[in-house]
Amino acid sequence: MKTKAKGLTRRKFMKNAAVAGVAVALGAMLKPALKAFSSTGSADYTVNGEWRPTTCQGCTSWCSTQVYVVDGRAIKVRGNPNSKVNGIASCPRVHLGLQQVYDPDRIKVPMKRTNPNKGRNEDPRFVPITWDEALNTIADRIMELRHNNETEKYALFRGRYSYMRDIIYDRMTKIIGSPNNISHSAICAEAEKFGPYYTEGLWDYRQYDILNTRYIILWGADPVAANRQVSYYISRWGETLDRAHVVVVDPRLSVSAAKADEWLPIKPGEDGALASAIAHVILTEGLWNREFVGDFKDGANKFVAGQTVNEADFEEKYTYGLVKWWNIELNDKTPEWAAEKTGLNAAQIKGVAIGYGKAAPQAISWVARGPVMQVRGAYASMATHALNGLVGSVDSVGGTLKANKEYTQSFPDYKDFQDDIAKAGTKHGKIDHRGRKEFPALTKGKSGGGVVTNNAADGILNEDPNEIKVAIGYMNNFPFSCTQGERWYRALSKIPFMVHLTTNASEWTWFADIILPSNHHMFEKWAYVKSFANGYRQVTMNQPVIEPIWDVRTDETEVPWLIAEKLAERGFDNLLRHYKEYRDPETGKSPTNEREFALYALKHATHKLWDPAEYQGGDKFNGWEDFRSTGVWNSDPYPYRKRWGKFGTKTDQFEFYSETLKEVLGAHAEKHKTNIDDILATCNYQARGEKAFVPHYEEPYMYGNPDGLVLVDYKSRLNREGRSANSPWYQELKDHDPGDEAWDDVAKINPVDAAKLGISNGDIIKLISPVGEITCTAKLWEGTRPGTIAKCYGQGHWAYGKVAAKEFGKTPRGGNNNDIIPVEYDRLSGSTVFFGIVRVSVVKV
Ligand code: SF4
């Protein structure tokens, strides 16, 4: 598409977008009428369409999908029947993808900023430019850094991604010469992985064997609504409820809680207390799984409340440190003690513990973000996950499983393409401060192994360890998705040159100097992702199932190639030479343009899945075309209990006393010439001494008015990771979530609290915290625990489009929870804290 660089004000920007949108909508009206359209099966369609395979990344379930395409237009989406993970099932929010790809507010051509001033209240005055002008400008800025030997001042910020990510995120950053590739992972759910890693050596999410289980405890998890294989769990949850007893631990009545056998509306931040009490009861009642854990040598249970046990009396099988755990943490953690902490009933706590223990090993303790993305969440993560060890459900039928093996391969090595400038640049410290004394970020057993995403804003603001002069962001919106986002407004205003690769304008884009329009992951992009559930892993392809309507390029492949070409024109061809190594496995040819590069890179990464000569396992294909048209590769079925005794921890056992954590914390302390207790004090944890190495309870760490209501932040089931707010269906169907209202942003208050505050249903209220305030509508709802206020994340956009905002660029629709959540971290994992962190004052406007 040819564009002319003329002035485009905020109003014109949105007006032009609206005109284009009408054109798209009219196009839709001209399509033939359809019959039997509500069916998800093999419907009798009256039009000549075709189901084309691709992948949805509306959340991190990453479902394999199919899109029904008629005359080049995508009109319906469903699960891919070839998938053994989600099959034909999909979720309610998958359909919003259609309104995303045809969103009239999409960025349609490259644009540049004409207002040199940056700020929340500065209209960027973007004007359209050509791809050539955009890429030349970007290449000039990167070359300037290289000429000045300051490549560490380049940064790449990644939001959602596919597994093509390393091309732009890793390879491009390192060959240019910067250590600053900053991912979003620590605002996602890293703390959720901490417990599994430091007990069973698994830094990953888990799959849950729901079809074979008899008991499930959901800790803040809402599998039929929120995340991680929602499509699969929705499709099988009815059967699960028939077979298993389901308990939901959540201060809010979630969708899953509404259907559960028991709802435990716990006080926010007290999950560790409940977990310790459940473990206490399992041990005192003698309900641990002897096949996995072992037993007392004389067979007599010596776990008696308040008494310690001689370690030599117990013989463990596949676990390590059970008696130490009992002596250090559990022996006094009775249900009565936990009832005081959690606000729950002691008899109910005991009943859940006994029910869970009796179901062993077909019993799942399922941990999600809520209990762990807290200041002391690392230990809640260990405490809740350790229950799976007690009942022997780890790697077991009806239990908690890791991902199956798959056979994708990484991209060619970059090291030979780094010159001396790049090598020197990458040695600098990172802008997010990972690995410093106060940010251990112990991902996968390494000090500084993880990212501290949200702290990058402070690194930029303080120029610590250095200034950031050139930045690229893609599929990210940190000022919106990070807590205390106003820091990001200031940080982004400070970066002299910033590029955003995105489908839609957003709060991040507002601060960009160049906008590059990205294609939509589900309809217009070559890529692949990996996901797992139902005992299988899948590798599923994102494919261009329609021709892009706008002048867009692929963020992770085509754009870096185009930048590499421009850098080569300027005498720095290392990146382009590296990318030319990504050969087509079928022909051996090097790519010659960005489209070939995107395709060859994907074929290279998935080569062992589709080439029969390279076959390693799982589904077998006749070649690339066979794989492409199927859209998904499925692994072999799950090999249960193969990990017992080979967990990859320091002892190779399931560690109730984590020698693995002890070693890693020791190394971090040594690096900073101090001791572990000092590290824990610096990082706001309460444990000292031996307690640091066992799953245990820590008190919540909270900000705000002691008389205020604790904010309970949660995800709407229609949230496509915060990217669906500009979809009219999102707004219209918002009451899909229990207690929510269409076209509104409600904060749900228990009627008991509302009466005390003099607040009625429908009142406009302000939620005020020490770091900000937001305005929304009061909803009186008994599904909120008294003393808390529950509000969905997703509204509050002011720059995401005409539907998402009340007035684009100025006034948000509702309020963004992150504006009132103080920036804090679970420092052992590097995670940003969203939960159990702030009490807010609630006042009527
Ligand atoms: S939104 Fe999530 S659960 Fe729904 S289809 Fe997409 S990836 Fe799957």
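To start, this report covers the structure provided alongside it. Note that residues are indexed from 1 along each chain, following the sequence as it is written. Whole-chain, interface and lining totals are the exception, using all residues; otherwise, since this is a predicted model, local features are given only for residues with pLDDT of at least 70 and side-chain atom pairs are given and counted only at 80 or more. Only hydrogens and water are removed before side-chain values are computed, so all heavy atoms of the structure are retained for them.

Re the environment of Trp781
Our working definition: Put simply, DSSP marks the helices as runs of H or I at least four residues long and the strands as runs of E at least two long, and each gets a number from the N terminus on. The contact rule is simple, with two residues in contact once any of their heavy atoms fall within 4.5 Å.
Secondary-structure assignment places Trp781 in the loop between β28 (772–780) and β29 (788–793). Separated by 528 residues in sequence, Trp781 and Leu253 place their C-alpha atoms 9.7 Å apart. Setting aside its immediate chain neighbours within four residues, Trp781 contacts Arg252, Leu253, Pro738, Gly739, Lys748, Ile749, Asn750 and Pro751.

Considerations on the pairing of β28
Rules: Any two strands with at least two DSSP-identified bridges between them are counted as paired.
Here 4 bridges tie strand β26 (residues 746–749) to β28, and the two strands are oriented parallel to one another. Counterpart to Ala747 in the pairing with β28 is Ala778. Bridging between strand β27 (residues 764–769) and β28 involves 6 bridges; their strand directions are antiparallel. Residue pairing across strands places Ser769 opposite Gly772, the latter belonging to β28. Turn length for the β27-β28 hairpin, with the two strands adjacent in sequence and antiparallel, is 2 residues.

Brief notes about helix α6 (residues 230–243)
The condition that has to hold: A helix's residues, less one, multiplied by 1.5 Å, set its expected span. The angle separating two fitted axes, one through the seven residues that finish at a residue and one through the seven that start at it, defines the bend at that residue. Note on exposure labels: buried denotes an accessible area under 20% of the residue type's maximum, exposed denotes more than 50%, and partly exposed covers the range between, all computed with a 1.4 Å probe on protein chains only.
The first and last C-alpha atoms of α6 sit 19 Å apart over 14 residues, in line with the 20 Å expected at 1.5 Å per residue. Considering bend angle alone, the principal kink of α6 is centred on Trp237 and spans about 50°. Of all the residues in α6, the buried ones are Val230, Ser231, Tyr232, Tyr233, Trp237 and Thr240. Against the buried residues of α6 lie β8 (207–208), β9 (215–219), β10 (245–249), β15 (363–367) and β20 (524–533).

Describing the sheet that holds β10
Put simply, the test is: Where helices are involved, their axes are fitted lines through C-alpha atoms of the stretch in contact, as for all axes, and angles between N-to-C directions lie from 0 to 180°.
One open sheet accounts for 4 strands, arranged β11-β10-β9-β15; its pairing is parallel. In this open sheet, the two edge strands, each paired with only one partner strand, are β11 (262–264) and β15. Neighbour-to-neighbour, the strand axes of this sheet turn through a mean angle of 15°, independent of strand direction. With 5 bridges connecting them, β9 and β15 associate as parallel partners. Within the sheet, the bridge partner assigned to Ile216 lies in β15 and is Ile364. Against the sheet, helix α8 (residues 271–284) contacts β9, β10 and β11, and its axis sits at roughly 155° relative to β9. With respect to the sheet, helix α12 (residues 346–358) is in contact with β9, β10, β11 and β15, its orientation differing from that of β9 by roughly 130°.

Brief notes about α8
The terminal C-alpha atoms of α8, which comprises 14 residues, lie 20 Å apart, in line with the 20 Å expected from a rise of 1.5 Å per residue. Most of α8 sits out of view: 13 of its 14 residues are buried. At the exit of α8 stands Gly286, carrying a positive phi of roughly 70°.

Brief notes about the site of the ligand
Selection rule: A molecule or strand has a residue near it when one of that residue's heavy atoms lies within 4 Å. Charged means Asp, Glu, Lys or Arg here, nonpolar means Ala, Val, Leu, Ile, Met, Phe, Trp, Tyr, Cys or Pro, and polar covers whatever is left, Gly included.
Around the ligand, the structure places Cys56, Gly58, Cys59, Ser61, Trp62, Cys63, Cys91, Arg93, Val94, Val230 and Ser231. For the shell around the ligand, the per-class residue count stands at 7 nonpolar, 3 polar and 1 charged.

Structural notes on the side chain of His604
Structurally, His604 can be placed in helix α21 (residues 594–605). Excluding residues within four positions of it along the chain, His604 makes contact with Gln409, Ser410, Phe411, Pro412, Arg583 and Pro585.

Considering the nonpolar core
Quick reminder of the rule: To qualify as a nonpolar core, a set must consist of buried Ala, Val, Leu, Ile, Met, Phe, Trp, Tyr and Cys residues joined through side-chain atoms within 4.5 Å.
With 111 residues, the main nonpolar core has Phe157, Ile278, Phe303, Leu390, Trp488 and Leu665 as its most contacted residues. When sequence neighbours within four positions are dropped, the list of residues in contact with Phe303 reads Leu283, Thr284, Trp288, Phe296, Val309, Phe314, Leu322, Val323 and Trp326. Listed in part, the 61 residues of the second largest apolar core include Trp131, Met164, Phe411 and Tyr474.

Structural notes on the side chain of Asn634
For clarity, the cut-off: Polar contact is defined as a pair of N or O atoms within 3.5 Å, subject to the rule that within protein one atom must be able to donate a hydrogen and the other to accept it, and that residues adjacent in sequence are counted only when both atoms are side-chain atoms.
Topologically, Asn634 is positioned in strand β22 (residues 632–634). A residue is classified by how much of its surface remains accessible, and Asn634, at 1% relative accessible area, is buried. One polar contact links the side chain of Asn634 to the main-chain carbonyl oxygen of Asn82, over a distance of 2.9 Å. Within the structure, Asn634 has its side chain in polar contact with the side chain of Asp619 (distance 2.8 Å). Other than its neighbours up to four places away in sequence, Asn634 contacts Asn82, Ser83, Lys84, Val85, Arg537, Gln538, Gly618 and Asp619.

Considering the sheet that holds β20
Adjacent strands of a sheet pair through backbone hydrogen bonds, lying either parallel or antiparallel. The strand order across the open sheet formed by 3 strands is β20-β21-β22, and the pairing between neighbours is antiparallel. A single partner strand is all that each edge strand has here, and the edge strands are β20 and β22. Taken pair by pair, the neighbouring strands of this sheet meet at an average axis angle of 10°, ignoring direction. Here 8 bridges tie β20 to strand β21 (residues 536–544), and the two strands are oriented antiparallel to one another. Bridging from a neighbouring strand, Phe532 pairs with Arg537 of β21. Strand contacts of α21: β20 and β21, with the helix running at about 20° to β20, the strand carrying the most contacts.

Points about the packing of α8 against helix α11 (residues 335–342)
Condition: Put simply, angles under 35 degrees are roughly parallel, angles over 145 are roughly antiparallel, angles from 65 to 115 are roughly perpendicular, and the rest are oblique. Throughout, a crossing is termed right-handed when the near helix is turned clockwise from the far one, and left-handed when it is turned anticlockwise from it by less than a right angle.
Where α8 meets α11, the axes come as close as 9 Å, and the angle between the chain directions of the two elements is 165°. Here α8 lies roughly antiparallel to α11, going by the angle between them. The two elements α8 and α11 meet at a crossing, and its hand is left-handed. In this structure, α8 contributes Ala273, Leu274, Ala277, His280 and Val281 to the contact, and α11 contributes Pro335, Trp337, Ala338, Lys341 and Thr342. Taken together, the residues of the contact of α8 with α11 sort by class into 7 nonpolar, 2 polar and 1 charged.

Description of the pattern of salt bridges
Which entries qualify depends on this criterion: Salt bridges are defined as contacts in which a side-chain nitrogen from Lys or Arg sits within 4 Å of a carboxyl oxygen from Asp or Glu.
This model, assessed by the stated rule, comprises 59 salt bridges. Ionic pairing is found between Arg171 and Asp170, a salt bridge with its closest N-O pair at 2.7 Å. Residue Arg171 shares its accessibility class with Asp170, and that shared class is buried. Note that Lys530 is salt-bridged to Glu406, the shortest N-O span being 2.9 Å. Of this pair, Lys530 sits in strand β20 while Glu406 is found in the loop between β16 (400–401) and α15 (420–426), placing the two residues 124 residues apart along the sequence.

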